[in-house]
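This is what each chain is made of:
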Amino acid sequence: MDNQKKHVWMHIGAGSFHRAHQAWYLHRLLMQGDTRWSIALGNIRGDANALLSALEKQHGEYILETVTPAGERKYERITSVKKVLPWDEQLTALVNQGADAETGVISFTVTEGGYYLDTEHRLDPKNPDIQADLQGEARTIYGTLERIIRQRIKRKAGPVTLLNCDNLRHNGERFRNGFLAFLALKGDMPLLDWVKNYTTSPNTMVDRITPRPTADIAPRVAEKTGFNDLAPLMGEAFIQWVIEDDFIAGRPALENVGVEMVQSVLPWEEAKIRILNASHSCIAWAGTLIGQSYIHESTQTQSICEMAWEYVTQDVIPSLSPSPLDLNTYRDVVLDRFRNPYIQDTNQRVAADGLSKIPGFITPTLIECYDRDQIPRATTVLPALFFLFMERWHQNELPYTYQDGILDAAEMHARFNSADPLAAFARDEALFGPLASKASFERLLRDTVQSLRSWIKEQTTDLVVSQ
């Protein structure tokens, strides 16, 4: 790569995670004197306009506060976002930047539900957002990238790497399969062929707990740094990024700032998704059900921590063994991170998108347990908690608004109004794949739900007594 030439890493998804993770790594490169790559940041939807405006006023700079489980805080001014892309309905700035020859990487964080994949990991063409994009809109990552790549071809801008930075197993492959399926449905074979030949989609594993910014961060940042930041954020001190080294148009020297460049991310992503992400959701759903608001207080609740520990120990570690990772140590480090009281990560944030997390994070372990003739008692606790969580949602008794990118609210309410909501839940192929027709799984789920109802009653009774 030309040592003098400037390159742009364009990121789609102006949320906290990108700014605490990928932007942090590219900032570290700048601090080392490697100024070849910078970030252009934009969004598909208009819901980040206030953030983009704040960043524009600060020339893309902001303060990242990190905190350890021991409470040690550090403050760093992140300088890697050199261009803020204003939003409009036509995504003009995003398309122009993505189609520019200087843009060598287009990365994105659109959450698990933002890929619109079914339980077979195929694109769901019936989804209204996908249907809208097939008609020419740009509501999703697929319609957005279609617009960008059409312009890129028109300008002869050359190859580009499309990099998924979401918690999706085999995320590069599954995004790519979804995108190619979308383009095939559009019927534009030259465009489809160009994407096949002139883009790559490496698999990645990303990790840093980054809660939604709260009102107390800005005053603390101002006190510690003297900067009245309009867009500060906070995350845990721990960070990890593992990427398959398959970039078609050059890349930053990420290995110089601690990114693990590998041939296959499979062992890391399976450990992360099943041990960290699934346990996180378990803790958030369970904590919510007994009236708790924060991940750390729920993890510090012994019975909830035991649910997560047993799930990993009894079912996940046997599924992932042998592994190049020390899975027992990884489990313990994860739970220690969740206990961090300074992160103030909410159960609301982590509980979101359960309809994607069940099939993506949890069902594979259920299936593998049955495949080795083991009854997945510990894993079944997780979907049972989610059923009870959604039952509360149906009754309008959750203490917060539940967010789920693929939730059909009318359909879900109808399910809970049916004669046997739990049967409908257990037999949902979108959630449980082949287990949806397995009577023994439905019986196990019923028994687990009943046991958890008793647990919730005991926990809430103890809470009332203690007050």
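Residues numbered from 1 in each chain as written. Predicted model: local features only at pLDDT ≥ 70, side-chain atom pairs only at ≥ 80, totals over all residues. Heavy atoms only, no water.

Colleague: Can you break down the nonpolar core residue by residue, with the values?
Modeller: Across soluble globular proteins, nonpolar side chains have a tendency to be buried as a group. Counting 73 residues, the largest nonpolar core has Leu385, Phe386 and Phe389 as its most contacted members. Discounting chain neighbours no more than four positions away, the residues touching Phe389 are Trp285, Thr288, Leu289, Ala351, Leu398, Tyr400 and Tyr402. Within the second largest apolar cluster, 36 residues are counted, among which are Ala40, Tyr116, Ile141 and Leu145. (Core = buried A, V, L, I, M, F, W, Y, C linked by side-chain atoms within 4.5 Å. Buried < 20%, exposed > 50% of the residue type's maximum accessible area, 1.4 Å probe, protein only. Contact = heavy atoms within 4.5 Å.)

Colleague: Tell me what's going on with the side chain of Gln22, and back it up with residues and numbers.
Modeller: For Gln22, the position within the fold is in helix 2 (residues 22-31). Take Gln22: its relative accessible area is 0%, and that puts it in the buried class. In terms of polar contacts, Gln22 uses its side chain to reach the side chain of His21, at 3.1 Å. (Helix = DSSP H or I, 4+ residues; strand = E, 2+ residues; numbered from the N terminus. Polar contact = N/O pair within 3.5 Å; in protein donor to acceptor, adjacent residues only side chain to side chain.)

Colleague: For the sheet that holds strand 7 (residues 160-164), give the residues involved together with the corresponding values.
Modeller: Judged by pairing direction, the sheet is parallel, and its six strands sit side by side in the order 5-2-1-6-7-8 without closing on themselves. With partners counted over all chains shown, the strands left at the sheet margins are strand 5 (81-84) and strand 8 (199-200), one partner each. In this sheet, strand 2 (residues 37-42) lies alongside strand 1 (residues 7-12) in parallel orientation, the contact comprising six bridges. In the sheet register, Met10 faces strand 2, and the bridge partner there is Ala40. The sheet strands contacting helix 2 are strand 1, strand 2 and strand 5, and the helix crosses strand 2 at an angle near 150°. (Pairing = 2+ DSSP bridges. Axes fitted to C-alpha atoms, helices over the stretch in contact; angles between N-to-C directions.)

Colleague: Pulling in residues and values, what's your account of the pattern of salt bridges?
Modeller: A complete count under the given rule lists 27 salt bridges for this structure. Ionic pairing is found between Glu137 and Arg139, a salt bridge with its closest N-O pair at 3.0 Å. The exposure class of Glu137 is partly exposed, given its relative accessible area of 38%. For Arg139, a relative accessible area of 34% gives the class partly exposed. For Glu146, the salt bridge identified is with Lys186, shortest N-O distance 3.5 Å. Residue Glu146 is found in helix 6 (residues 141-154), and its partner Lys186 is found in helix 7 (residues 171-186); the two are separated by 40 residues along the sequence. Salt bridges sharing common partners tie together Arg45, Asp129, Glu137 and Arg139. (Salt bridge = Lys/Arg side-chain N within 4 Å of Asp/Glu carboxyl O.)

Colleague: Outline the sheet that holds strand 11 (residues 240-244), supporting the account with residue identities and numerical values.
Modeller: The strands making up a sheet associate through hydrogen bonds between their backbones, and the pairing can be parallel or antiparallel. If you trace the three strands from one edge of the open sheet to the other, you get 9-11-12, paired in mixed fashion. Two strands lie at the open edges of the sheet, namely strand 9 (204-207) and strand 12 (260-262), each paired on one side alone. The mean angle between the axes of side-by-side strands here comes to 15°, regardless of whether they run parallel or antiparallel.

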